[in-house]
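What follows is each chain in one-letter form.
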Amino acid sequence: MNVIVIGAGPAGMMAAISAASAGAKVTLLEKNRRQGRKLMITGKGRCNITNNCDTAKLIENTAVNPRFLYSAFSRFGTQDTMGFFESQGVPLKTERGGRVFPVSDKAMDINDALVNCCRKKGVRYVGECSVESLIVEDERVIGVVADGKEWRCDACVIATGGCSYPLTGSTGDGYRLAQQVGHTIIDPKPSLVPLVTAENECAAMQGLALKNIAITVTNAKGKKVYTDFGELLFTHFGLSGPVILSASSHMKSAEGHTVTIDLKPALTPEQLDARILRDFSQNLNRDLHNAMGGLLPSSMVPVIIARSGIPGDTKVNSISREQRAALVSLLKGYRLTVKAFRPVEEAIVTSGGVKVSEIDPGTMASKKAAGLYFAGEVIDVDAHTGGFNLQIALSTGHCAGSSAAAE
């Protein structure tokens, strides 16, 4: 049994490992020189490989087509992922929210484990190899054409990723290959993506990261669509950071949404007012813009003061109760209007891809062409942050690889 896997990201490498473990002769084709280029930058280089949770939580945190993944999660779940990497000599740790990382905090260790396991299983790796088309006879995939050369196989797994981070090789090649045999492609759009805001205030705070803040996202009708607590980053265009990326996956479109940031979630309005009073009492003769340093980062002080409507040169001892209440309200509810998502190229993952109704959920096999399988982000599935997307890649990779070997 000869199996070709296209794409050497986490889904592709797991597919290759699973197929080889089942006795297949596996060739892994990758357009980059090295495997796992995108994997190396996940989790800010730390690699949040999975989430220490059960299948129900995996399904709950899958934003698009969760039911389609039930079988794949059941065949290879989070405990299987953790067991695999531990068996490859990579100790893991679980952090807040069930997020699982290598103890070393190095994505390279996760990537090396997959690469080394492929090697041990006898997987033939061919880098700098661009697949141009599938070879199809009698509605069956029997090989691929790559760089003008024919590669024959009994089964083929497409694990080319989506179209986010194109510099890592995710350029949507799998969509073109799938369309060749009649698959429908749900238009790719960004998921887990930074947000562009209408206000220009964020540019004045560019590079400022806030930890331990709370956000609430509401839609155009004022309905709450997402809440979170964690880290946020101001950029020249708007907002980024973990809580914003997670929020984006809950927004069907960007327009009409509002992000409200609670800058002091640990304090009630009354406690915050008392805190401001205490700070002001120690700076009675100073201007407001010189008395806010204990409450806010320096780059945020002029933004908040301008938004409050209180002149920055107002002496602290002359600020009224009403003005102080306005400050409290602003610090507990700093609102920004979302104008757009950043481009899909900047998204962590892509929403959209091969239509799931055209794939067998139990095997990841194509319903359009025999001998063809799909794994990972090329499929129209995506999830929230927290290790869930990498688990999807590994679960579908395992399912596709083992099924392809049994072709």
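Structure: above.
A brief report on the enclosed structure follows.

Cut-off values and rules
Residues numbered from 1 in each chain as written. Predicted model: local features only at pLDDT ≥ 70, side-chain atom pairs only at ≥ 80, totals over all residues. Heavy atoms only, no water. Pairing = 2+ DSSP bridges. Helix = DSSP H or I, 4+ residues; strand = E, 2+ residues; numbered from the N terminus. Axes fitted to C-alpha atoms, helices over the stretch in contact; angles between N-to-C directions. 1 Å grid on protein atoms, 1.4 Å probe; cavity = no way out; pocket = protein on both sides within 12 Å on 5 of 7 lines; lining within 4 Å. Points joined across faces, edges and corners; volume = space filled by probe spheres on them. Nonpolar A, V, L, I, M, F, W, Y, C, P; charged D, E, K, R; others polar.

Sheet strands pair via backbone hydrogen bonds, and the direction of the pair is either parallel or antiparallel. In spatial order, the strands read β8-β9-β10; together these three strands make up an open sheet with antiparallel pairing. Each edge of the open sheet is held by one strand with a lone partner, namely β8 (131-137) and β10 (149-152). Along the sheet, successive strands turn relative to each other by an average axial angle of 30°, direction set aside. Of the strand pairs in this sheet, β8 and strand β9 (residues 140-146) are connected by six bridges, and their pairing is antiparallel. When the bridges of β9 are listed, E137 appears paired with R140.

Attention now moves to the layout of surface pockets. Of the voids in this model, the second largest pocket is the one considered here, and its volume is about 200 Å³. Residue lining of the second largest pocket: 13 residues in total, with V64, K189, S249, M251 and K252 positioned closest to the centre. The set of elements that each furnish at least two residues to the lining of the second largest pocket consists of β4 (62-64) and β12 (185-191). Broken down by element, the lining of the second largest pocket gets its largest block of residues, three residues, from β12. Class assignment of the residues belonging to the lining of the second largest pocket gives a composition of five nonpolar, five polar and three charged.

Our focus in this paragraph is the pairing of β10. The sheet contact formed by β9 and β10 spans four bridges and is antiparallel. In the sheet register, V145 faces β10, and the bridge partner there is E150. Between β9 and β10, which pair antiparallel one after the other, the connecting turn spans two residues, and D147 there sits at a positive phi close to 50°.

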